[in-house]
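Single-letter residue listing:
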Amino acid sequence: MAIKDYIRERFFPHIWCPGCGHGTVMNSLLRALDSLGMSKNEIVMVSGIGCSSRISGYVDFHTLHTIHGRALAFATGVKLSLPELNLIVPMGDGDALAIGGNHFIHAARRNIDLTAIVMNNRIYGMTGGQYSPLSGYGTLATTAPYTNIDQSFDTVKLATAAGATFVARSTTYHVQQLAKILKQAILHEGFSVVEVLTQCPTYFGRKNREGNAVDMMESYNKNTTPIGSKAKKENPDLIERGIFIQKEMPEYCSEYDKIIEKAMAKYSNS
Amino acid sequence: MAKPKLKAHLINPEWCKGCGICVHFCPKNVLELSDSDKVLPARPTDCICCKLCELRCPDLAIEIETEQDEQ
Amino acid sequence: MKKENIKFIQGNEACVEGALYAGLDFFAGYPITPSTEIAELLSHRLPQKGGKFIQMEDEIASMGAIIGASLTGSKVMTATSGPGFSLMQEALGYAIMTEIPCVIVNVQRGGPSTGIPTHVSQGDVNQARWGTHGDHAIVTITASNHQDVFETTVHAFNISETYRTPVILLYDEVVGHMRERLVIPNKGELPLVERLRTSVKEGVDYHPYLPREDGRLPMSDFGSVHRYNVTGLFHDMWGFPSDNPKIVHGLLRHLVDKIQNNVNQIARYKEFYLKDAEIILISYGSSARSANHVVFSRRPRGEKLGHLELQTLWPFPYDLVREKCAKATYVVVVEMNMGQIMEEVRKAVDQPEKVFLANRIDGVFITPTDIRNILRLIQGKGV
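Cut-offs and rules
- Per chain, the residues get numbers from 1 upward, laid out in the order the sequence is written.
- Chain labels run from A onward and ligand labels from 1 onward, assigned in the order the entries are written.
- Given that the model is predicted, a residue must reach a pLDDT of at least 70 before its local features are reported, and side-chain atom pairs must reach 80 or more before they are shown or counted; all residues, however, enter totals for whole chains, interfaces and linings.
- Helix and strand labels come from DSSP, where a helix needs a run of H or I of at least four residues and a strand needs a run of E of at least two; each type is numbered from the N terminus.
- The globule rule used here is 2.2 Å times the number of residues to the 0.38 power, and the radius of gyration it is set against is calculated over C-alpha atoms.
- Note that contacts rest on C-beta atoms placed from the backbone: two residues are in contact if these are within 7 Å.
- Field definition: a residue is buried when 20 or more other C-beta atoms are found within 10 Å of its C-beta, exposed when 12 or fewer are, and partly exposed for counts in between, with C-beta atoms placed from the backbone.
- Lines fitted to the C-alpha atoms define the axes, with helices restricted to the stretch that makes contact. Angles between their N-to-C directions range from 0 to 180 degrees.
- An angle counts as roughly parallel when it lies under 35 degrees, as roughly antiparallel when it exceeds 145, as roughly perpendicular when it falls between 65 and 115, and as oblique in every other case.
- Crossing handedness follows the turn of the near helix against the far one: under a right angle anticlockwise gives a left-handed crossing, and clockwise gives a right-handed one.
- Just so you know the grouping, Ala, Val, Leu, Ile, Met, Phe, Trp, Tyr, Cys and Pro go in nonpolar, Asp, Glu, Lys and Arg go in charged, and all remaining residues, Gly too, go in polar.
- Note that the domain bounds reflect an automated or database-derived domain assignment.
- Pairing between strands is defined by DSSP: at least two bridges between the two strands are required.

Tell me about the overall build of chain B, and name the residues and values.
In terms of regular secondary structure, chain B is built from 3 helices and 4 strands. Starting at the N terminus, the α and β elements of chain B follow one another as β-α-β-β-α-β-α. Taken against the 2.2 N^0.38 rule, which gives 11 Å for 71 residues, the C-alpha radius of gyration of chain B at 12 Å falls within 12% of a compact globule. Along the first, second and third principal axes, the C-alpha atoms of chain B reach 35 × 20 × 15 Å. Taking as baseline every contact in chain B between residues at least 6 positions apart, the subset at least 24 positions apart corresponds to 51%.

Tell me about the environment of V355 of chain C, and please be specific about residues and values.
All names here are of chain C. Locating V355 in the fold gives a position in strand β15 (residues 355-359). Here V355 falls in the buried class, since 24 other C-beta atoms lie within 10 Å of it. With 149 residues separating them in the primary sequence, V355 and Y206 have C-alpha atoms 51 Å apart. If sequence neighbours within four positions are ignored, V355 has contacts with V331, V333, M342, V345, R346 and V349.

Provide a residue-level description of the arrangement of the chains, including the pertinent values.
Counting contacts across all 2 pairs of chains that touch, the top-ranked interface belongs to chains A and C. Taking C-alpha atoms only, the smallest gap left between chain B and chain C, which are not in contact, amounts to 19 Å.

Break down the packing of helix α1 (residues 21-36) of chain A against helix α7 (residues 175-187) of chain A for me, citing the residues and quoting the values.
Residue and element names in this part refer to chain A. Packing of α1 against α7 leaves a shortest axis separation of 8 Å and a crossing angle of 55°. When the axes of α1 and α7 are compared, the pair comes out oblique. In the packing of α1 onto α7, the handedness of the crossing is right-handed. For the pair formed by α1 and α7, the contact residues are T24, S28, L29, R31, A32, S35 and L36 on the first element and V175, L178, A179, L182, K183 and I186 on the second. Of the residues that constitute the contact of α1 with α7, the class distribution is 8 nonpolar, 3 polar and 2 charged.

Please set out the packing of helix α3 (residues 71-81) of chain A against helix α5 (residues 101-110) of chain A residue by residue, giving values where relevant.
Residues and elements named next belong to chain A. Where α3 contacts α5, the axes come no closer than 8 Å and their chain directions differ by 35°. Together, L72, A73 and T76 of α3 and H103, F104 and A107 of α5 make up the contact between the two elements. The residue makeup of the contact of α3 with α5, split by class, is 4 nonpolar, 2 polar and no charged.

I'd like to hear about the domain arrangement of chain C, residue by residue, with values.
All names here are of chain C. When its domains are assigned, chain C resolves into domain 1 (3-183) and domain 2 (271-378). Computed from C-alpha coordinates alone, the two centres of domain 1 and domain 2 are separated by 26 Å. Of all the secondary structure elements, the ones that give two or more residues to the side of domain 1 that touches domain 2 are α5 (125-130), β6 (139-141), α6 (146-163), β7 (166-172) and α7 (173-177). Tallying contributions element by element places α5 first for the side of domain 1 that touches domain 2, with 4 residues.

Describe in detail the interface of chain A and chain C, supporting the description with residues and values.
When the parts of a complex come together, some accessible area is lost, and that lost area is often used as the size of the interface. Each side of the interface is counted separately: chain A has 34 residues, and chain C has 35 residues. Those elements giving two or more residues to the side of chain A that touches chain C turn out to be α2 (55-58), β2 (62-65), α3, α5 and α11 (252-269) of chain A. In terms of residue count, α3 of chain A provides more of the side of chain A that touches chain C than any other element does, 8 residues in total. In the side of chain A that touches chain C, the residues fall into 18 nonpolar, 13 polar and 3 charged. Looking at chain direction, β2 of chain A and strand β9 (residues 229-231) of chain C are connected through 3 bridges and run parallel. For T63 of chain A, the partnering residue across the bridge sits in β9 of chain C and is N229 of chain C.

Describe the sheet that holds strand β6 (residues 192-197) of chain A, listing the residues and the values that go with them.
Backbone-to-backbone hydrogen bonds pair the strands of a sheet. The strands run either parallel or antiparallel. In spatial order, the strands read β7(A)-β8(A)-β5(A)-β6(A)-β4(A)-β3(A)-β1(A)-β2(A)-β9(C); together these 9 strands make up an open sheet with mixed pairing. Whereas interior strands pair on both sides, the edge strands pair on one side only; in this sheet they are β7 (224-226) of chain A together with β9 of chain C. On average, each strand axis in the sheet is tilted by 20° relative to the strand beside it, whichever way the strands run. Alignment of strand β4 (residues 114-120) of chain A against β6 of chain A, held across 6 bridges, turns out to be parallel. Residue V118 of chain A lies in a different strand from β6 of chain A, and its bridge partner there is E195 of chain A. Lying on the sheet, α7 of chain A is in contact with β3 (86-92), β4, β5 (166-171), β6 and β8 (239-246) of chain A; it crosses β5 of chain A at an angle near 160°.

Could you give an account of the sheet that holds strand β10 (residues 269-272) of chain C, with specific residues and numbers?
All names here are of chain C. Spatially, β10-β12-β11-β14-β15 is the arrangement adopted by the 5 strands of the open sheet, whose pairing is mixed. Edge positions in the open sheet fall to β10 and β15, since each of these has one partner strand only. Neighbouring strand axes in the sheet, compared pairwise and without regard to direction, differ in orientation by 20° on average. The sheet contact formed by strand β11 (residues 279-283) and strand β14 (residues 330-335) spans 5 bridges and is parallel. Among the inter-strand pairings, I279 is bridged to a residue of β14, identified as Y330. On the sheet, helix α12 (residues 340-348) packs against β11, β14 and β15 and is oriented at approximately 155° with respect to β14.

So this is what it looks like as structure tokens:
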């Protein structure tokens, strides 16, 4: 298949568990990139630390596997120094929103042209199943053996409030929607956030009796709904899928180019 | 657009981890897991080439080749 | 010499001039006393030449941004002080592990913790060496006057590119904020080392972490024809994570040896009256200004004092120090901390019992009088 062009085949089979949703996200992402027809040399993938962030080793782009929570800071440096590059930043829920929360907020605030993909499996998988900020009240994890008392928050609302100009959510069940959303997120000139609900059957699934990968994907189908649907009105607990925000605002690098013009003009006149 | 005609189910047993996602979500029940937990096309003639297995596979281990793909 | 080349400026500004001379084109930083002027000046100067400046949300992000920018081929720098330097340690270790050139300026202030933001100390010497976790080597350079600040800044960029390593410029609040004359050299007067890029052609396998016979590692810019992985995990020559013992051992040895085996090429120092000195002062940074004053004012009166001013603190030049101090009766290390370089000097010389410390740790600049009083005590002469 065409997407095999975009992987580093010599490192497969990859390290993700059987049924891990991250593999499906990678699958959809590569299809989205294939449909865009970009040169592989134009694409830089910057990831953090965690199961999701291992994706960067498997794809045939310029890849930067950084430190826990800081992928967006590194990506900002890459993008600002060479704005022609296309930056994709896959991160886990803990990586992006716990330790990386601050960088997430400010990358959104700057509206710098990066595509952040929050692969939300509601757990810290790589380290063996500790709770994350998105695990949710009442769930079980290795560091919440008596149930989790931490409330979670809404990634979409956080991204929106921080200033992201493309905000969307999908799941590993809805692969066709996911590929389409990822394509639009990448094309969008500004800070894009795509939250993907993805299953960790090995830890979150087992600890919380959610079944296997198939069961977890079925529940993504059952418990989510398109934005503003009738089902949502009837059942507010359903999680909405789709594109929440899509607007054009000044992008950071092009704004800085104007600063350079200003500075050069002033300097040559003095 | 012409209905896609199946040419082959291309399965990579080294990459397949037997998670069962493709088997469960196949709308026509074409796939099964073998005794060694690898996917195989048990009823290939029922395949409608929807490619949902290919799209969902976390391991890129299954590919649906159609006549149209060749063109 | 052109009039425009002569400036009367702060040390922080001399550092900025040196960085721009060396070809700096990307700076990311966060304000912190007493380094803020570096960021302010670069926010002004960088866009004038088409360079990029960004104030990030914290020092951790600043390091991340400069490392990312370096990978696209830019010469990069950040600047901070103690508390910010502490925040930068993890990313500093990442740059060491991934062999990405960058320059980090720490204009030291009183510590630990918030300390005294507007007062001098030299307390971060050991942190520059061991602040980040794991075995590693690092290059740390300092200077005591603005001309040397300029030149050591250029030297830092050159070392960074030559050895594919982060370099720490460890200045201090006194040098950073005082005003002094600087003469900016003309283009071409100081040698500059440009990034070594690979000559491997498109379509041919490029190994980002396979050293050439001469030990150097040619780089390839992100965005050009070679796509590879960069990771802070131990990695093979492809940059792909590995925990293979042979690979781990080989990479760690390489990271340390490339610096430690080149101590002499990296070392910079100045010496004054060492040949017949009975008492040798060893100093660095702004303390060296006072040490120099003691030596130059006492020599005419017949006192056989000498001064070894270190500009490279790490890798510490043990052989150099041993050789220079062999004939001295006393070796007195002058610094504004509790003896961080004194410990290294003790390790270097054949008679550690002849090494003493003349220091000051109260946020007040150590004066020639302070040093002279301590020298008298050491010699048993009272104050």
